[in-house]
Amino acid sequence: MHIETTKKLKQIYDRFSESTKPIHRAYLESIHALVKFAEMRDPCTKGHSFNVARYSVLLSENMGLAKSYIEIIKLAAILHDVGKIGIKENVLVKNGPLTKKEYAEVKKHPGFGVRIIKPLRFFNDVIPMMKHHHENYDGTGYPDGLKGEDIPLGARILAIADVYDALVSTRSYRKAFSEKVVLEMMKKEGGKKFDPELLKIFIDSISPKARERRGSGSNKNRQKQQSISR
Ligand SMILES: [Fe+2]
């Protein structure tokens, strides 16, 4: 599993620790406003970015990743679809299958997201995760057709959280699937769409037993979940 070295993680952490400074708080608040705007254009996706953050953090914690790296993944999850601001509204909320041309338009959103975020140097480490959240483990995804562990780890995590939340939610073109059906669908994609190792950890972490363990956890754990979803 490709994980950045401890030294690199420390550098990233030091930079993100500066988020306590007012200017960086202002950055974060502006980004939240952008995400809200993107979600308002497609009301069915309201809350999606924050749900993806919640599931990404859950998976990352169960993988035992460093806290500092999880913070970056959380930001990347919140921002992952911000590029949809650049997609035409009639395509974004279309009630039915997309034409080839429309799908090509949708596929531009990771690139648009990078263009929006790139001028903010503070978010540089988030960019590879955002850019590659639609890559498939078998190399059939977009924008670059990356394969396996060439796909940044954060992007492989986002891909699982993104699809899970999308499928358990209603969209303009279909109703929500039950969790049982979603997990069956996703299991079939292990090694194809998703990193099989990460998928297994995700499925274990949202199992009823794991939920029970978290439910009987401390208030601290509940507060942590709230801070992710608010
Ligand atoms: Fe996306």
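Rules and cut-offs
Residues numbered from 1 in each chain as written. Predicted model: local features only at pLDDT ≥ 70, side-chain atom pairs only at ≥ 80, totals over all residues. Helix = DSSP H or I, 4+ residues; strand = E, 2+ residues; numbered from the N terminus. Buried ≥ 20, exposed ≤ 12 C-beta atoms within 10 Å, placed from the backbone. Expected span 1.5 Å × (residues − 1). Axes fitted to C-alpha atoms, helices over the stretch in contact; angles between N-to-C directions. Parallel < 35°, antiparallel > 145°, perpendicular 65-115°, else oblique. Left-handed = near helix turned anticlockwise from the far one by under 90°. Contact = placed C-beta atoms within 7 Å. Nonpolar A, V, L, I, M, F, W, Y, C, P; charged D, E, K, R; others polar. Core = buried A, V, L, I, M, F, W, Y, C linked by C-beta atoms within 7 Å.

A word on the overall build of the protein chain. Broken down by element type, the protein chain carries 13 helices and zero strands. Along the chain direction, N to C, the helices and strands of the protein chain fall in the order α-α-α-α-α-α-α-α-α-α-α-α-α. Across the 230 residues of the protein chain, 30% fall into the buried class.

With 13 residues, helix 4 (residues 67–79) extends 19 Å from end C-alpha to end C-alpha; this agrees with the ideal 18 Å at 1.5 Å per step. Inspection of helix 4 places Tyr69, Ile72, Ile73, Lys74, Leu75, Ala76, Ala77, Ile78 and Leu79 among the buried residues, and these make up the whole buried set.

What follows covers the packing of helix 9 (residues 153–167) against helix 11 (residues 196–205). Interaxial distance between helix 9 and helix 11 falls to 10 Å at its minimum, and their mutual angle equals 45 degrees. With respect to their mutual orientation, helix 9 and helix 11 come out oblique. Like other packed secondary-structure pairs, helix 9 and helix 11 cross with a definite hand, here right-handed. Contact residues: helix 9 offers Arg156, Ile157 and Ile160, while helix 11 offers Leu198, Leu199 and Phe202. Here the contact of helix 9 with helix 11 is composed, by residue class, of five nonpolar, no polar and one charged.

Attention shifts here to the nonpolar core. Counting 39 residues, the largest nonpolar core has Ala76, Leu79, Val126, Leu158, Ile160 and Ala161 as the members making the most contacts within it. Of all the elements in the fold, those that place two or more residues in this core are helix 2 (22–41), helix 3 (48–63), helix 4, helix 8 (127–131), helix 9 and helix 11. Among the elements that make up this core, the one with the highest residue count is helix 9 (nine residues). Once you skip the residues sitting within four places of it in the chain, leucine 158 turns out to touch Val52, Ser56, Ala76, Ala77, His80, Met129 and His133.

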